[in-house]
Amino acid sequence: MPHSILNSCRYAWTSRRVWWFTATARTKARFSRTFLGSFWLGLSNLLSIAILAVVYGTVFKVTNFNEYVLYLGTGLVLWNSLSMAIGSSPNLFESNAQHIHNTNLHPIFYTLEEWAFQLQTFFQSLFLVLIALSYYEHRLFINLITVCWLPILNFLIFLYWLGARFRDLYQLVPILMQLMFLLSPILFKKQALGALQWTADLNPIYRVLSLVRHSLVSGNVLWLQCFIMLLINIVGLSFAIFWLNRERGKLPFLI
């Protein structure tokens, strides 16, 4: 098992220019006929943040609106990236069925291409949102560069391995993600859950998201929680690669 995982990681590294290039081509093609191009990614997030901040800031009777905008804005841009990656993953191999049937590429290539595509989408959205939110907190970019590297690393690894990659769960994922969003302290503070705060502690998506948000907004890192999350990520990543290698021979017959 360790040998197969190591070989897959070696293949991922040696083919990095290829899957990054194909992901970049997808990113460019996505907005090829639009005037603003990839800026739409950040603008759509900003529009959602503005509307939700006004609506839920009023509903929850927020006393410190600036703090709430930062809390909501950073949480929402992270959540959108995670939910987009998870939502697209069950249909990943189905959408690449022709290539899988006619080429001998390792299946990990398609997961890495999708991951690279999601990374490019995430960072384009994040930077534009942070520029806008810097009006409320001037140290966001400084915090991102100086103290947020480990939470961001955890977020990016989590972004890769979490998604279900088989079509059986395709219909279930949107429902689960909607429920997860409503139960996650993104539109509201964790304390608002009252006796149900334990649900947030057991929510892996919220845990990895909250570590990034905390570092961005406060400039402090919860090191112990970050290292625990890194350990979970290493285990999850290893299992995901092992399972992919195990199912490699059956994959053409499953799609």
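Quick caveat, the model's predicted, so the values are computed rather than measured. The residue numbering used here restarts from 1 in each chain and proceeds along that chain's sequence as written. The predicted nature of this model means local features are confined to residues of pLDDT at least 70 and side-chain atom pairs, given and counted, to a pLDDT of 80 or more, with totals for whole chains, interfaces and linings taken over all residues. The basis for every side-chain value is the complete set of non-hydrogen atoms in the structure, without hydrogens or water.

Draft legend 1. Structural view of the nonpolar core. With 66 residues, the main nonpolar core has Trp115 and Phe155 as its most contacted residues. The helix and strand labels rest on DSSP assignments: H or I over at least four residues marks a helix, E over at least two residues marks a strand, and numbering proceeds from the N terminus. It is helix α7 (residues 108-133) that contributes the most residues to this core, 13 residues altogether. Beyond its immediate stretch of four places on either side in the chain, Trp115 contacts Trp19, Leu156, Leu159 and Tyr160. Only buried Ala, Val, Leu, Ile, Met, Phe, Trp, Tyr and Cys residues count toward a nonpolar core, and they belong to the same one when joined by side-chain atoms within 4.5 Å. Burial here depends on accessible area, computed with a 1.4 Å probe over protein chains only, as a share of the maximum for the residue type. Under 20% is buried, over 50% is exposed, and the range in between is partly exposed. Contacts are assigned to residue pairs with any non-hydrogen atoms lying within 4.5 Å of each other.

Draft legend 2. Summary view of the packing of α7 against helix α9 (residues 149-161). For every element, the axis is a line fit to its C-alpha atoms; helices are fit only across the contacting stretch, and the angle between N-to-C directions ranges from 0 to 180 degrees. Packing of α7 against α9 brings their axes to within 9 Å, and their N-to-C directions diverge by 135°. The angle between α7 and α9 places the two elements in the oblique class. Considering only the axes of α7 and α9, their crossing is right-handed. Contacts between α7 and α9 pair Ile108, Thr111, Leu112, Trp115, Gln118, Leu119, Phe122 and Phe123 from the former with Ile152, Phe155, Leu156, Leu159 and Tyr160 from the latter. When residues are grouped by polarity, Ala, Val, Leu, Ile, Met, Phe, Trp, Tyr, Cys and Pro land in nonpolar, Asp, Glu, Lys and Arg in charged, and all others, Gly among them, in polar. Class assignment for the residues of the contact of α7 with α9 results in 11 nonpolar, 2 polar and no charged. Angles below 35 degrees are treated as roughly parallel, those above 145 as roughly antiparallel, those between 65 and 115 as roughly perpendicular, and all remaining angles as oblique. Rotating anticlockwise by less than a right angle from the far helix to the near helix defines a left-handed crossing, while the corresponding clockwise rotation defines a right-handed one.

Draft legend 3. Quick look at the layout of surface pockets. Its volume calculated, the largest pocket comes out at about 400 Å³. Taken together, 16 residues make up the lining of the largest pocket; nearest its centre are Tyr71, Tyr206, Ser210, Arg213 and His214. Looking at the lining of the largest pocket, the elements that each hand over two or more residues are α4 (65-88) and α12 (204-218). Among the elements that line the lining of the largest pocket, the one with the most residues is α12, at 8 residues. Broken down by class, the residue content of the lining of the largest pocket amounts to 5 nonpolar, 5 polar and 6 charged. A pocket here means an open set of points on a 1 Å grid, computed over the protein atoms alone, that has protein on both sides within 12 Å along at least five of seven lines. A cavity is instead a set of points where a 1.4 Å probe fits but cannot get out; residues with an atom within 4 Å of a point line either one. Grid points are joined across faces, edges and corners, and a volume is the space filled by probe spheres set on the points.

Draft legend 4. Structural detail: a nonpolar patch on the surface. Patches were defined on residues exceeding 30% relative accessible area and lacking a salt bridge, with like-charge contacts within 9 Å and nonpolar side-chain contacts (Val, Leu, Ile, Met, Phe, Trp, Tyr) within 5 Å. Note that accessible areas follow from Shrake-Rupley with a 1.4 Å probe, and for residues the cover is restricted to the protein chains shown. By definition here, a salt bridge exists when the distance from a side-chain nitrogen of Lys or Arg to a carboxyl oxygen of Asp or Glu is within 4 Å. Residues Leu47, Ile51, Val54, Val55, Val59, Phe60 and Phe65 make up a contiguous nonpolar surface patch of roughly 630 Å² in combined accessible area. Per-element accounting of the nonpolar patch gives the leading share, 5 residues, to helix α3 (residues 39-59).

Draft legend 5. Highlighting the packing of aromatic side chains. Aromatic pairs are defined between Phe, Tyr and Trp rings, using the six-membered ring for Trp, whenever the two ring centres lie within 6.5 Å; interplanar angles under 30 degrees are classed as stacked, those over 60 as edge-to-face, and all others as tilted. Per the counting criterion, the structure on display carries 13 aromatic pairs. Taking 6.2 Å as the distance between ring centres and 15° as the angle between the ring planes, the aromatic pair formed by Phe127 and Phe141 counts as stacked. Of the two residues, Phe127 sits in helix α7 while Phe141 sits in helix α8 (residues 140-146), which places them 14 residues apart along the sequence. Phe127 gets classed as partly exposed once you look at its relative accessible area, which sits at 37%. Ring centres of Trp149 and Trp223 lie 6.0 Å apart, and the angle between their planes is 55°; on these two criteria the pair is classed as tilted. Placement of the pair is Trp149 in helix α9 and Trp223 in helix α13 (residues 223-247), with a sequence separation of 74 residues. Taken together, Phe122, Phe123, Phe127, Phe141 and Phe155 form an aromatic cluster joined through their ring pairs. The positively charged end of Arg26 is found above the aromatic ring belonging to Phe117, 4.0 Å away from the centroid. Remark: a charge is flagged as sitting over a ring if the NZ atom of Lys or the CZ atom of Arg is within 6 Å of the ring centre and within 35 degrees of the ring normal. Across the ring face of Tyr71, the terminal group of Arg213 is positioned such that the distance to the ring centre comes to 3.7 Å.

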